[in-house]
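Topology and contacts: notes
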Amino acid sequence: MTTTTKPLILVDGSSYLFRAFYVPNLRVLTNSRGEPTGAMHGVLNMLDKLRKDYEPDLMAVVFDASGKTFRDDLYPNYKANRPPMPDELRSQFEPLLEIIRAQGYPLLMVAGVEADDVIGTLASEHQGAVLISTSDKDMAQLVDERVHLINTMSNTYADPAGIIEKFGVRPDQIRDYLALMGDTVDNVPGVEKVGPKTAAKWISEYGSLENIMANAEKFGGKVGENLRAALTHLPLSYQLVTIKCDVQLELDPDDLKLAAPNNEKLRELYTRYEFSTRLRSLGKETTLAAKKPLADPFEMFDEIEPLEKTTIASSKVDYQTIFTQEALEHWLKLIREAGEFSFDTETTSLNYMEAEIVGVSFAIQAGKAAYLPLAHNYLGAPPQLNREATLAFLKPYLEDEALHKIGQNLKYDRNVLLNHGIELQGLAHDTMLESYVLDSNEEHGMDSLCEKHLHHTTIHFEDIAGKGKKQLTFNQVGIEQASTYAAEDADMTLRLHQYFWPQLQALDDQRKLYQSLEMPLIRVLSTMERTGVKIDAKLLAQQSQELEQRLSEMNKQAYALAGQAFNLNSPKQLQEILFDKLGLPIVQKTSTGQASTDVNVLEELADQGHELPKLLLEYRSLSKLKSTYTDKLPEQINPNTGRVHTSYQQTGAATGRLSSTDPNLQNIPIRSEEGRRIRRAFIAEPGYKLLALDYSQIELRIMAHLSGDKGLLDAFAQGKDIHRATAVEVFNTPLDKLTNDQRRAAKAINFGLIYGMSAFGLARQLGIDRSEAQLYVNLYFARYPDVKAYMERTREQAQAQAYVETLFGRRLFLPEIRARNAQRRQAAERAAINAPMQGTAADIIKMAMISVDTWLRSHKSGARMILQVHDELVFEVPEAELDETRQVITELMVHAATLSVPLLVESGVGENWEEAH
DNA sequence: TGCTTCACG
DNA sequence: GACGTACGTGAAGCAG
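Numbers given for residues are sequential positions, taken from 1 along each chain in its written order. Written order decides the labels, with chains lettered from A and ligands numbered from 1. Confidence filtering applies because this is a predicted model: local features only for residues at pLDDT of at least 70, side-chain atom pairs given and counted only at 80 or more, and all residues used for totals across whole chains, interfaces and linings. Side-chain metrics rest on all non-hydrogen atoms present in the structure, leaving aside hydrogens and water.

A few words now on the overall build of chain A. Each helix corresponds to a stretch of at least 4 residues labelled H or I by DSSP, and each strand to a stretch of at least 2 residues labelled E; elements are numbered beginning at the N terminus. Within chain A, the regular secondary structure consists of 38 helices and 23 strands. With the C-alpha coordinates of chain A rotated into their principal frame, the extents come out at 110 × 65 × 60 Å. We call a residue buried when its accessible area falls under 20% of the maximum for its residue type, exposed when it is over 50%, and partly exposed in between, using a 1.4 Å probe and counting protein chains only. Per-residue burial over chain A gives 50% buried out of 917 residues. Here, two residues are considered to be in contact whenever any of their heavy atoms come within 4.5 Å of each other. Considering only residue pairs separated by 6 or more positions, chain A has 67% of its internal contacts joining residues 24 or more positions apart. Here chain A holds 99 positive side-chain charges and 127 negative ones, and the gap between their average locations is 2 Å. Asp and Glu are treated as the negative residues and Lys and Arg as the positive ones, with His and the ends of the chain left uncounted. Think of each charge as sitting on NZ of Lys, CZ of Arg, CG of Asp or CD of Glu.

Have a look at this one:
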């Protein structure tokens, strides 16, 4: 093994401890005993970040030792102006050191010198790259091509060029520069009235302190006099600011390896100081560590990211709180002038149907933001502008199409504003969607985006509202904290937009998808969500009862068969009964090595003639229906609308699909007769009917288009049953002689193709042996040679560029396509085959939704779009409008995209969703 | 919280 | 030569 090129990381613990202590949001943190813990949190988070970002092999955390240093001997007044360490900080010092040690970091404190000197010495002794993490500008003197600085609190990174940019002098001139300025806090005398500007100017003119002193008589004016007066003590100042790089250390930089954490000690310390998140992740890490040897040891090198510079100086922000009408009007004037602003609503709930606005924040340029509190109502909350009156005042701004809004997840803000009668217009940009279109694999939440792209750790909601049962709603959060949090959200949204937008503009397809598809979809989805779907709660309750009876009977039967009582819902207990007690054979194991009891296994065992597995299969499916659907759906009915309102996640699926949550209305049963009954509870208002339209075989049609395979294109052009057509080809049998099994096999092949199948998978699906499955696959590819070529092309493309694209250029990155681990690589290859088809289908139905929505609105239609299920749209339509609506929407869906195969849309109408299908 | 299972396209 | 083996989701229940 060669040594890695990872930098040695040296952390100036003392400088961070002081800085963290004075951060307002950290200042207030204590445990339940009232012991302050904020500075500890601050330092530890910073260490986490470094460790995560750089995965260092060598690292040290250095603190000042107590007692006098050689500088005190040089100059008795050194640091004499420093106030004593506050008690609230002092009390955090020792425990912090203990935690750092227990976490496994080498920790250094050397008597007689300062942390800076230890760091300087280690940096100069180390052979390879060094990264010094500090918030102390004095360290700039250590920078060269090999040694760089990072300030983990302000997210700034500095190499020699960075130092010149920041200070206006080279790293080797920093000592001269510091000596000229002096330091009032440390009581280092400099030249009176010489600050950063003058010092940099003199140094650039004269090159060095020595030369400046030699030419002291040439400096005119008051500062010239001051310089001459300082001549005697400047050498001393120079000595004081010079970091000592030859401290006698009893160790070598190569000794600074991270040790394994002492989890027992950490558990004790985290418990004592109530670091609950760390306590939780402690359990996680131990299991991870236990699994580690299994992982491919080279895998981790694949994902090391290059160091990045950043441009945010997060210390320089101007966040204001708006309490008066005058202040509000002042800000609105600024917003008007800017023509574009980011904004964010703060509310009482994540549920958009229940949420009420508590406040609104805006940002008009990076770092300049304001929070307008409107409904904080905790005891002692300061008076605020009246919510309803102020929202009425804001309404024309928010509804002004020409005033461009930038947000993070604007769909939510739009929904919430509608609760107050405001229909947000001028939706210009949504950073969540920008991130999604650029790389759908990322997390697109505010916190992750800031962390990743701005290298800034935002204030998390939990930081100000707490968590768990005691979590406050936003109206109970103190305005001061709320204000920083909310203003930061708006500020970060704007900065993220400034970061993403140029990237999107550089990629034509991405920009188009974002501007013409994802952005317009916000309003469509928001409308669907708020419309909701009517549910027959009584019918579901009745079904629940029936299920309950059947389940309890089956329970008894199962106990009899097993010879004992057990929990049928517990895979673990079931496993004991089946395999230990009854001695049935273990068919398959789960990924963690447990004996699996999933459908495949139970079916296999049932086929062998065992009664209990057969019973369990039915029990499982009924129990699922009851708990997930018949019991839960009625609970999710909104009391005001009498309907169920799902949330569509526009950034939920990496392929471009939507997903649906709370509740998930995209997985309502249909495959089994029992399950289908649940669809009968999805009903229309009186006078309305449900209209369901779905794309027939859309992914296979897309495969035909993308591959250009003549056989497949012809089959679709002639409107053939595609599975039969495939069966005719593969089994070389005339259409009228086909058996049902042959069609079934052809269907499995067609689906398998979309999923990037292997012969093994097909064999298992069809219950045939592998060689037979392989034969089918070979026959298929012989008949449809361009499909084979297309699959190969896609694999090559994925391999070459590490992403694949839909017909419209939507990208899916496949980071694992070059993984050394074959299993993971092959999984990525299958995803590469599937994504262009699944993703193109998703793009097409999104286009259809937008055009349908446009038509519905422009024709003042009484019909409303209520559900999207990947290739299906469901509408609630006034009976009088049924025929026209059905015909027009079919047309719009069919023509949503033009492929080299026709798109076919099938539709149905009914009193409920089952009937409409 | 992680795992397992199962509902959908 | 062995291993694992079809894509994409969300939710519920159990167990620790």
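Where each domain begins and ends is defined by an automated method or by a domain database. Parsing chain A into structural domains produces domain 1 (8–165 + 245–255), domain 2 (318–532), domain 3 (652–699 + 826–917) and domain 4 (700–825). Put simply, the middle of domain 2 and the middle of domain 4, counted by C-alpha atoms, are 45 Å apart. Contact with domain 2, which involves 11 residues of that partner, is made by 7 residues of domain 4. Once two parts are joined, some of their accessible surface, as seen by a 1.4 Å probe, is lost; buried area is that loss totalled over both. Carbon and sulfur atoms make up 42% of the area that domain 2 and domain 4 hide from each other, which totals about 750 Å². Contact with domain 4 buries surface across domain 2, with Asn441, Gln510 and Leu513 losing the most and accounting together for 46% of the total. The rule for a salt bridge is simple: a side-chain nitrogen of Lys or Arg has to be within 4 Å of a carboxyl oxygen of Asp or Glu. Where domain 2 packs against domain 4, one counts 1 salt bridge. Glutamate 518 is paired through a salt bridge with arginine 810; the nearest N and O atoms lie 2.6 Å apart.

Okay, the packing of helix H36 (residues 822–858) against helix H37 (residues 882–894) next. Where helices are involved, their axes are fitted lines through C-alpha atoms of the stretch in contact, as for all axes, and angles between N-to-C directions lie from 0 to 180°. Between H36 and H37, the least distance of the axes is 9 Å, while the angle of their chain directions is 145 degrees. When you trace H36 past H37, the crossing you get is right-handed. Residues Ala848, Ser851, Val852 and Trp855 of H36 lie in contact with H37, whose contacting residues are Glu884, Thr885, Val888, Ile889, Leu892 and Met893. Think of it as three bins: nonpolar holds Ala, Val, Leu, Ile, Met, Phe, Trp, Tyr, Cys and Pro, charged holds Asp, Glu, Lys and Arg, and polar takes everything else, Gly as well. Split by residue class, the contact of H36 with H37 holds 7 nonpolar, 2 polar and 1 charged. Note on convention: the crossing is left-handed when the near helix lies turned anticlockwise from the far helix by less than a right angle, right-handed when the turn is clockwise.

This part covers the protein's contact with DNA strand B. Here a residue is near a molecule or strand as soon as one of its heavy atoms is found within 4 Å of it. In the neighbourhood of DNA strand B, 26 residues make up the surrounding shell, with Thr590, Thr592, Val599, Ile670 and Asp871 lying closest. Restricting attention to atoms of DNA strand B within 4 Å of the protein, one finds that 77% of them are sugar or phosphate atoms. In the environment of DNA strand B, a base oxygen lies 2.8 Å from a nitrogen or oxygen atom belonging to the side chain of lysine 624. Any pair of N or O atoms that falls within 3.5 Å is considered a polar contact. Within protein, one atom must be able to donate a hydrogen and the other to accept it, and sequence-neighbouring residues count only if both atoms are side-chain atoms. At 3.3 Å from a base nitrogen of DNA strand B is found a side-chain nitrogen or oxygen belonging to glutamine 838. Elements supplying a minimum of two residues to the surface near DNA strand B: helix H14 (276–291) and helix H26 (611–630).

The next subject is the protein's contact with DNA strand C. Around DNA strand C sit 35 residues, and of these Asp662, Gly752, Arg764, Gln765 and Arg830 come closest. For DNA strand C, the backbone portion of the atoms within 4 Å of the protein, that is sugar and phosphate, comes to 68%. The separation between a phosphate oxygen of DNA strand C and a polar side-chain atom of arginine 830 is 2.7 Å. Here a sugar or linking oxygen of DNA strand C sits 3.2 Å away from a polar atom, N or O, in the side chain of glutamine 838. Looking at the surface near DNA strand C, the elements that each hand over two or more residues are helix H24 (571–581), H26, strand E16 (659–661), helix H32 (740–754), helix H33 (759–766) and H36. Here the residues of the surface near DNA strand C are counted per class, giving 8 nonpolar, 19 polar and 8 charged.

Mapping arginine 811 onto the fold places it in strand E20 (residues 811–813). Here arginine 811 is in contact with Ser440, Leu507, Gln510, Tyr803, Val804 and Glu805, once residues within four sequence places are set aside.

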